[in-house]
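# Survey of secondary and tertiary structure
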Amino acid sequence: MSNSVYGIALSGLNAARAGLSTTSHNIANSNTVGFNRQQVIQQSRPSTGSDIGYIGQGVDIASVQRVYSDFINSQEQKATSDAAFYNAKAQQIARVDAMIADDASGLSSALSIFFGAAQTLSTNPADLAARQNYLSSAETLSSRFNGLNTVMDELRSATNLKVRDTVEQLNNATSQIAALNNQIVTALNQTSNGGPPNDLMDRRDKLILELSEQVQTTRVDMADGSTNLFLANGQSLVIGTTQFKVQTQVDPQDPQNLLVGMTTNVNGQDRLLAFDSGSLGNGALAGFLSFREDELTEYQNTIGLLAARIGQTVNDIQTAGVDLDNNPASALFSFGSSGSFVDDISRVVPNVNNSTVNPTQVTLRGLDLSKLGPAEYEVQIVGSQPRYREVGSDGPFVPASLVTDPGGDYYEIRDPAGAPLLSFQLNNATPQEGDRFVLMPVREAALNMRIAIDRPSEVAASSAVNPSIGNNENILAVAALQNSRTLFQSNNSAGVSISDGFNQLVSRVGNKTREFNLAAESRETVLNQVADSRDALQGVNMDEEAANLIKFQQAYQASGRVISLSKELFDQILSMF
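Residues numbered from 1 in each chain as written. Predicted model: local features only at pLDDT ≥ 70, side-chain atom pairs only at ≥ 80, totals over all residues. Heavy atoms only, no water.

When helices and strands are tallied, the chain shows eleven helices and 24 strands. Relative to the 2.2 N^0.38 estimate, which gives 25 Å for 577 residues, the radius of gyration of the chain is 37 Å and therefore markedly larger than a compact globule would have. Dimensions of the chain, computed from the C-alpha atoms along their principal axes, are close to 145 × 55 × 35 Å. Here the chain, with 577 residues, has 47% of them falling under the buried criterion. Intrachain contacts of the chain at a sequence separation of at least 6 include 69% that bridge at least 24 residues. (Helix = DSSP H or I, 4+ residues; strand = E, 2+ residues; numbered from the N terminus. Rg over C-alpha atoms; globule rule 2.2 N^0.38 Å. Buried < 20%, exposed > 50% of the residue type's maximum accessible area, 1.4 Å probe, protein only. Contact = heavy atoms within 4.5 Å.)

To continue, consider the packing of aromatic side chains. Counted according to the given criterion, the structure contains eight aromatic pairs. Here F114 and F333 contribute two aromatic rings whose centre-to-centre distance is 6.2 Å and whose plane-to-plane angle is 50°, an arrangement assigned as tilted. Here F333 lies in strand 13 (residues 333-334) and F114 lies in helix 3 (residues 108-123), a separation of 219 residues in the sequence. Across the pair, F333 and F114 agree in class, each one buried. Taken together, a centroid distance of 5.9 Å and an interplanar angle of 25° make the contact between Y411 and F424 stacked. A residue pair is termed long-range when its members are at least 10 positions apart, and Y411 in strand 20 (residues 410-414) and F424 in strand 21 (residues 420-426) qualify at 13 residues. We classify Y411 as buried; its relative accessible area is 10%. One aromatic cluster is present, built from ring pairs that chain together F114, F115, Y134 and F333. (Phe/Tyr/Trp six-rings, centres within 6.5 Å; stacked < 30°, edge-to-face > 60°.)

Opposite charge on two side chains makes pairing possible when the charged atoms of those side chains draw close. Inspection of the entire model under this criterion finds 20 salt bridges. One salt bridge in this structure joins D60 and R45, with 2.9 Å as the shortest N-O distance. One end of the pair, D60, is in strand 4 (residues 59-66); the other, R45, is in the loop between strand 1 (38-44) and strand 2 (48-50), and 15 residues separate them in sequence. A salt bridge links R534 to E76; the nearest nitrogen and oxygen atoms lie 2.6 Å apart. Of this pair, R534 sits in helix 10 (residues 498-538) while E76 sits in helix 2 (residues 70-100), placing them 458 residues apart in sequence. Among the charged side chains, a salt-bridge network with shared partners connects R66, D202, D205, R219 and D221. (Salt bridge = Lys/Arg side-chain N within 4 Å of Asp/Glu carboxyl O.)

Turning next to the packing of helix 4 (residues 128-190) against helix 5 (residues 198-214). In the contact formed by helix 4 and helix 5, the axes pass within 9 Å of each other and the chain directions differ by 160°. The angle between helix 4 and helix 5 places the two elements in the roughly antiparallel class. Regarding helix 4 and helix 5, the two cross each other, and that crossing is left-handed. Between helix 4 and helix 5, the contacting residues are T166, Q169, L170, A173, T174, Q176, I177, L180, N181, Q183, I184 and A187 on the first element and L200, M201, R203, R204, L207, I208, L211 and Q214 on the second. Split into classes, the residues belonging to the contact of helix 4 with helix 5 amount to eleven nonpolar, seven polar and two charged. (Axes fitted to C-alpha atoms, helices over the stretch in contact; angles between N-to-C directions. Parallel < 35°, antiparallel > 145°, perpendicular 65-115°, else oblique. Left-handed = near helix turned anticlockwise from the far one by under 90°. Nonpolar A, V, L, I, M, F, W, Y, C, P; charged D, E, K, R; others polar.)

A volume near 470 Å³ is recorded for the second largest pocket. Lining the second largest pocket are 25 residues, with V33, G34, E76, L209 and R534 positioned closest to its centre. Per-class residue counts for the lining of the second largest pocket are six nonpolar, eleven polar and eight charged. (1 Å grid on protein atoms, 1.4 Å probe; cavity = no way out; pocket = protein on both sides within 12 Å on 5 of 7 lines; lining within 4 Å. Points joined across faces, edges and corners; volume = space filled by probe spheres on them.)

Let us look at the side chain of N474. With respect to the element layout, N474 can be found in helix 9 (residues 473-480). Non-local contacts of N474, meaning those with residues more than four positions away in its chain, are made with I317, Q318, A320, G321, A460, A461, S462 and S463.

As a further point, take the sheet that holds strand 6 (residues 227-231). An order of 5-6-7-8 is seen for the four strands of this open sheet, with the pairing classed as antiparallel. Whereas interior strands pair on both sides, the edge strands pair on one side only; in this sheet they are strand 5 (217-221) and strand 8 (242-243). The sheet contact formed by strand 5 and strand 6 spans five bridges and is antiparallel. Following the sheet pairing, R219 is matched in strand 6 by L229. (Pairing = 2+ DSSP bridges.)

Turning our eyes to something else, we now look at the nonpolar core. Counting 113 residues, the largest nonpolar core has F114, Y134, F145, L237, I310 and F424 as its most contacted members. Top element by residues in this core is helix 4. It accounts for 19 residues. (Core = buried A, V, L, I, M, F, W, Y, C linked by side-chain atoms within 4.5 Å.)

Attention now moves to the side chain of E378. Tracing the backbone shows E378 in strand 16 (residues 377-382). Looking at E378, the relative accessible area reads 10%, which means it is buried. For E378, the side chain forms a polar contact with the side chain of R436, separated by 2.5 Å. Not counting residues up to four positions away in its chain, the partners in contact with E378 are Q253, R387, Y388, R389, V391, F397, R436, F437 and V438. (Polar contact = N/O pair within 3.5 Å; in protein donor to acceptor, adjacent residues only side chain to side chain.)

A separate point is the pairing of strand 17 (residues 385-390). The pairing of strand 16 with strand 17 spans six bridges and is classified as antiparallel. Bridging across to strand 17, I381 finds its partner in P386. Both strand 17 and strand 18 (residues 398-399) contribute to a ladder of two bridges, which runs antiparallel. When the sheet's bridge partners are listed, R387 is paired in strand 18 with P399.

The next subject is unusual backbone geometry. Positive phi, normally seen in glycine, also occurs at N326, with a value near 65°. Here N326 is to be found in the loop between strand 12 (321-322) and strand 13. N326 gets classed as partly exposed once you look at its relative accessible area, which sits at 44%. In this structure, S384 is a non-glycine residue whose phi angle is positive, near 70°. For S384, the position within the fold is in the loop between strand 16 and strand 17. Judged by relative accessible area, S384 falls into the partly exposed class, the value being 33%.

Between helix 6 (residues 284-319) and helix 10, the least distance of the axes is 10 Å, while the angle of their chain directions is 170°. With respect to each other, helix 6 and helix 10 are oriented roughly antiparallel. The residues of helix 10 that touch helix 6, namely those facing E295, E298, Y299, T302, I303, L306, R309, I310 and T313, are I498, G501, F502, L505, R508, V509, K512 and F516. The class makeup of the residues in the contact of helix 6 with helix 10 is nine nonpolar, three polar and five charged.

In C-alpha cells form, the structure reads like this:
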C-alpha cells in the first residue's frame, strides 16, 4: 500500500501529525527552564522507477531532533563559571570592605584617638584624667583589633560553610548526571532508528549548566550518548554512569580551613588529594577557596601584624620608662600568658600526616616585625634540612639559612636583600624526612591583644633617664609612633607607619572590592549575551510555533483530502464492474 496514492497520503498524514505533536510539545514547554525546541526531520521515501520515470512514494520521519549548538552551550557553561567565580569573591570581600572602612569597627579612628590621647598626656604627664583617657584609648584600640579578628574568623567559618554547601550541590548534580547518562544510553538502544531522547538530554544539559556555576568543567560527549565531565585540573567528575565524588576535610595544617579534593589510596590508606583554588579554574567553589586562601588570609594577617607591631613598639617604650611612682613600668599590652611574645602572637601547625615516631618539632625563635609581611610559610624537611616557601605559592621549596649559635643552632627565613624575617629551631637531632609545618608568624596577635595595666599611675609617661613628674619623654615617643616608619621595611624599603599600614590595607581591600564587582558585572553581561544567543537559536518562539501549527494543520488536512480522493477513485473503479 506504500506505493499507492493512499499510502503516500497516509505517510503525509503521519508526518503532519508528528509535526503537530512536536509543535504542541514546544508550546507546552515554552516556559520550561533548559528546554530546547524540537523539530521533526522528514525525508522523502525512495522513488519507484517506471516507464515514465521515477515516481515519489511519500515521506518518512527520520527523527525528532532538538535545536542545539555545542558551541553556544560550551560558551554558556564557561561564562556561567566565570560569573560565579567573581560573584563569589565579590560577595565575600564586601563584608571585609564594609568592616574595615567603618569608623565604628575599623582601626583608623581608634589609632587616631590612641595617638591623640598620648599627645594630650604629653602636655600634662602627671594628670590622672589624661592618663585614664590614654588607658581607655589603648583598651578601645585592643578591642578593635579583637573585633576585626573575630569578624575575620567568622567570615572564614562562613566561607567554609559555603565551600561545603557548594561541594554538596556539585555532588548532587554529578550524581543526577551519571543517572541520566544511564537513562539516555538505554533509551538510545531501545529506538529502532537511534533517535535521541531529547527531553532527557535537555535535563542533563540543564544540570551541567547548573554544575558549571559550582565548578568549571570540561565536557566530552561520547558516541553511546553519555557525557563525561572533568574538572579543570583533569580529575574525573562523571565517566559514563559513574560519579566521582568531591570530598571535604578539615585542613590538617590549619584547622580553621576546609580542604576540598578527592580521596585516593596511598599505601593502603585513603587520603584526600586536596585541590588548590588555582587548579579548579573558575566557578563558585574556586571563588570561595581563592578568597579564603588569598585575600582573607592576607587581610587577617595584616591586621595581626599591625596589632603585634603597635603592641611591641609601645611596650618597648613603656617598659623603658617609669610610672608615676618612679617604679619600672610594666608593658601596656599583653598578647597571652606563655611568657613569650613570639609564642603568644604566632602559631606553628604540624601536618597531621607527619611521622609519629620521633616527630620533628618546630619552634619559632624570633620575628622581625619591622620587615615581616602578611605571608605564612610552609616548611618541609628534605634531606634532614628544612626548606620553605610561602603558603599558596606553587614555586619550589628553598633552603632555610642555618645560623650556628652557642645556645642552639637555628634557621632563618630571609628577604631578598638577605635580612632575616623570622627564625625557627628544630627541636630534635634527626628531623623526619617529609614532615611539614606551617609557620603563622602573627595569626594570633589581633585575637590575643589585651591591655595589661589598669591603673592610670602605671602609665610610663616619663623616661627612666631623668625621671620626674613633669618628664614626658616616654609618652612623646609613643605619640611619635603615629608617623614613624615601623612596618614593611623588608628588602631595604623605607617602610610605612602603622597608621599608613592600615590605610594601605583599606585601600587594597577597596580596590579589590571594586575589581571583583566590575569583573562580576562584566561576566554577567557576557553570560546574558550568550544566554540571549542560546534562546534566539534554541528557545521556543511562539510566533514561529503558531505558524508551524497552521502549516502542519494544512498539511494534515491536505493529506486527509488525498485519502478521501483516493477512496472516491477506488469506488468509481469498483462501480465500473
